[in-house]
Amino acid sequence: MLNKISGFADYLQKYQESIADPEKFWAQIAEANYWHKKWDQVVEWRFDGPKAPDVKWFLNAKLNITENIFERNMFLRKDQTALIWEPNDPAEKEIKLTYGELFDKVKQFANALLNLGVKKGDRVAIYLPMVPELAIAMMACARIGAIHSIIFAGFSSTALSDRIVDASAKVLITSDGGFRGNKIIPLKEIADEALKKSPSVEHAVVLKRTGKEITMTTGRDVWWHDVIKGMSTENKAEVMDAEDTLFILYTSGSTGKPKGVVHSQAGYMVYSEYTFKNVFQYSEGDMYWCTADIGWVTGHSYIIYGPLLAGATSIMFEGIPTFPDAGRFWDIVDKYKVNQIYTAPTAIRALMAQGDEWVESHDLSSLKVLGTVGEPINEEAWHWYHDMVGKGRCPIVDTWWQTETGGMLISPLAGITPTKPTMATLPLPGIQPILVDQEGNEIQGNAVQGILCIKYPWPGMLRTTWGDHDRCYQTYFSTFKGLYLTGDGAKRDEEGYYRIIGRIDDVINVSGHRIGTAEVEDAINEHPKVVESAVVGYPHPIKGSGIYAYVITESLSDEEQKNIEAEIRDTVNKLIGSIAKPDIIQLVSGLPKTRSGKIMRRILRKIGEGDATNLGDISTLLDPDVVEDIISGAKVEVKR
Ligand code: PRX
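Everything numeric in this text was worked out from a predicted model, so none of it was measured.

Colleague: Teacher, can you tell me more about the pattern of salt bridges here?
Modeller: Where charged atoms from two side chains of opposite charge come close, those side chains can pair. Throughout the structure, instances matching the rule amount to 49 salt bridges. With its nearest N and O atoms 2.6 Å apart, the salt bridge here joins Glu86 to Arg328. Note that Glu86 is positioned in strand 4 (residues 81–86) and Arg328 in helix 12 (residues 328–336), a separation of 242 residues in sequence. Judged by its relative accessible area of 2%, Glu86 is buried. Taking the relative accessible area as the measure of exposure, Arg328 reaches 1% and is therefore buried. Note that Glu318 and Arg209 form a salt bridge whose closest N and O atoms lie 2.9 Å from each other.

The following block contains the structure:
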């Protein structure tokens, strides 16, 4: 297979080549793609200076990513299954679409979008459950050069409208509902709420999934099955510039509202395919399953774009790991003879807690590679995954990356890079990580720890944040001049292997979902009785991190006191979604603040971790006594 690394010596050599001459290295990789016109220059970049960041790859090249998925693969793969859809309810039949069939559906829906007036550069918001139409819709956008912005179907109407408004999306694609375990999510109802506050949306395309009764607004809402009626399956791909925007994906940061991370066409395409093939060591005919939701970056890059560019068969799963029972993942592995599975530590821990018998009662002998992503994997989960699920035969690829990076940056190559429990191991070719101290000085050598930054661009990296380029600079490039700041802390061991420790900013990874503490605080503060709040992460046995909220309220009646926690959770659920609901709410009389009014989150984090033995100097606080009050009222056991 083209561009596939064949062994550890080959990896080391490719890595050296990619650092010594990045332009030559990436040009060689990109040669395998289908271009209307090739690039004049491979890369041009600046992480600092006026209008920074300024990163361009494959300058002036012309392409369409869907031609690389379909036209390029068609000769070999017309009748090969591209996508397998496994429904939430195992009693419902799966859907298999060949490259040929999927292509026709993408072209047909592309024509429907054109017919609705969607043009190159327009934004299309997609708020769908995990159904094949989600894949079809995103690729139809790419086909006509529209920019997709997929919003996870667990987000609330406010979160949805915030994202629609920020991108001024012209069309919203949603459904009458979605199935998740034994729940039905009323997506259209939520979308209707959101659309009241989203004036840019001219049309909502509504897919029938649950058959639940919904309201259709005349003139605005159209059924999916109606818009594709009579649409041709002939469609010529829009020719895109390498640096045109392919998609926007919103993600949380330390401050403010989520920002729209912008990915461009050519670099993202080259990078997602290359990393998919190499990290999973994908071979012709393999059955590949990534359990993520396409609403997150993992689903974008490693359910759809990476695998389909590589001509793989990719499984998408509508449901959850524990429905109808805790054997569901292993049923799917067995049913399709999955070779590579890619999931999150939180799912591994949740299934581990259900007991070994669920695994032991299934035939998992097809598995060759076990992937993990989204948060640090703890030693126990790593071993269970390796020994119980993989029976010690399958390498674990602990892949570290981010929404902003477009694809994996630090990861073993399956079966090639010797693994060590909990370590993401080594950078992929083209990736130049560096550890720095608080002042931005490089920490050299091995057996060290620091803030993880990247010092050279790679094709899949973000280009900007939608509508606010300076925010992109401020967030990622201003802290340490000339470096991309990841927001993660990392260790580099004696052998140069990386272990990601976790976020160093006010972002928490809850069940692998990225949540900004400021966003949750803003939501909590919307409750009329709340005066102020401070949110931190704390260690949670399944979720990795849980959300701990310290809340000051106005004085409450007994009745109000009884309901306040549920009401706060409800407020967060309404404003963000259930993924952001605090696990612990502690009502406090005050928060530890400096004399300048800054909340000392470090202290709150320590208390949440159950450790008050080393809180540092608290004498400079405005009111040192609140610390004792918080410790004595803590909802976790606190060591003093
Ligand atoms: O803290 C790191 C963690 O997830 C963050 C990125 O989250 P998001 O943009 O939602 O993308 C998740 C899927 C790529 C990172 O800053 N993270 C991701 N993968 C790992 C990880 N932490 C440790 N180990 C990983 N393998």
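From this point, things continue past the structure.
Colleague: Help me understand the nonpolar core, please; the structure alone is not making it clear to me.
Modeller: Soluble globular proteins tend to pack their nonpolar side chains together in the buried interior. Core analysis: the biggest nonpolar cluster contains 126 residues, and Phe58, Phe109, Met139, Ile173 and Tyr305 have the highest contact counts within it. With ten residues, helix 6 (residues 132–144) is the single largest residue contributor to this core. Ignoring anything within four residues of it in the chain, the contact list for Tyr305 reads Ile65, Ile69, Met138, Met139, Ala142, His148, Leu246, Phe247, Tyr268, Ser272 and His300. In terms of nonpolar packing, the next biggest core, distinct from the first, is built from 38 residues, Phe152, Phe155, Ala159 and Ala191 among them.

Colleague: How should I be thinking about the domain arrangement of the protein in this particular structure?
Modeller: Size of an interface: often given as the accessible area lost when the parts come together. Segmentation of the protein into domains returns domain 1 (99–241) and domain 2 (507–632). One C-alpha centre belongs to domain 1, the other to domain 2; they are set 36 Å apart. Buried area between domain 1 and domain 2, summed over both chains or domains, comes out near 450 Å², and the portion from carbon and sulfur atoms is 56%. If you look at where domain 1 meets domain 2, you find zero salt bridges. Taken together, domain 1 and domain 2 are joined by three residue pairs in polar contact (both at pLDDT 80 or more).

Colleague: What is the right way to read the sheet that holds strand 18 (residues 340–343) from this model?
Modeller: Picture the strands of a sheet paired through backbone hydrogen bonds; they go either parallel or antiparallel. Judged by pairing direction, the sheet is mixed, and its seven strands sit side by side in the order 5-4-17-16-18-19-20 without closing on themselves. Since the sheet does not close on itself, it has two edges, and those belong to strand 5 (95–98) and strand 20 (396–399), each with one partner. Averaged over all pairs of adjacent strands, the angle between strand axes in this sheet comes to 20°, irrespective of strand direction.

Colleague: Would you mind going over the site of the ligand with me for this structure?
Modeller: Looking at the ligand, there are 17 residues lining it, with Asp398, Thr399, Thr403, Asp488 and Arg514 nearest. Between the ligand and Thr403 there is a distance of 2.6 Å, counted from an oxygen atom to a side-chain nitrogen or oxygen. At 2.7 Å from an oxygen atom of the ligand is found a side-chain nitrogen or oxygen belonging to Arg514. If the ligand stood free it would expose 540 Å²; the protein chains cover 96% of that surface. Elements with a contribution of two residues or more to the shell around the ligand: helix 11 (297–309), strand 20 and strand 25 (498–503). Class assignment of the residues belonging to the shell around the ligand gives a composition of six nonpolar, six polar and five charged.

Colleague: Quick question: what am I supposed to make of the pairing of strand 11 (residues 203–207) here?
Modeller: Note on strand geometry: in a regular strand, side chains alternate between the two faces of the sheet. Within strand 11, five of the five residues are buried, which leaves it mostly tucked inside the rest of the structure. Where strand 8 (residues 171–175) meets strand 11, five bridges bridge the pair, whose relative direction is parallel. Within strand 11, the position partnered with Leu172 by the bridge is Ala204. In this structure, strand 11 lies alongside strand 12 (residues 221–223), joined through three bridges in parallel fashion. Within strand 12, the residue paired with Val206 across the bridge is Trp223.

Colleague: Explanation requested: the sheet that holds strand 12 in the structure shown.
Modeller: Strand order in the open sheet formed by eight strands is 12-11-8-6-7-14-15-23, with mixed pairing between adjacent strands. Lying at the two open borders of the sheet, with one neighbouring strand each, are strand 12 and strand 23 (464–465). The pairing of strand 7 (residues 147–150) with strand 14 (residues 245–251) spans two bridges and is parallel. Bridge pairing in strand 14 links His148 to Phe247. On the sheet, helix 6 packs against strand 6 (123–127), strand 7, strand 8, strand 11 and strand 14 and is oriented at approximately 175° with respect to strand 6. Of the strands in this sheet, strand 6, strand 8, strand 11 and strand 12 are in contact with helix 8 (residues 187–196), which crosses strand 8 at around 155°.

Conventions we followed
Residues numbered from 1 in each chain as written. Predicted model: local features only at pLDDT ≥ 70, side-chain atom pairs only at ≥ 80, totals over all residues. Heavy atoms only, no water. Salt bridge = Lys/Arg side-chain N within 4 Å of Asp/Glu carboxyl O. Helix = DSSP H or I, 4+ residues; strand = E, 2+ residues; numbered from the N terminus. Buried < 20%, exposed > 50% of the residue type's maximum accessible area, 1.4 Å probe, protein only. Core = buried A, V, L, I, M, F, W, Y, C linked by side-chain atoms within 4.5 Å. Contact = heavy atoms within 4.5 Å. Domains from an automatic or database assignment. Buried area = accessible area lost by both parts, 1.4 Å probe. Polar contact = N/O pair within 3.5 Å; in protein donor to acceptor, adjacent residues only side chain to side chain. Pairing = 2+ DSSP bridges. Axes fitted to C-alpha atoms, helices over the stretch in contact; angles between N-to-C directions. Near = heavy atom within 4 Å. Areas by Shrake-Rupley, 256 points an atom, 1.4 Å probe, with all protein chains shown as cover. Nonpolar A, V, L, I, M, F, W, Y, C, P; charged D, E, K, R; others polar.

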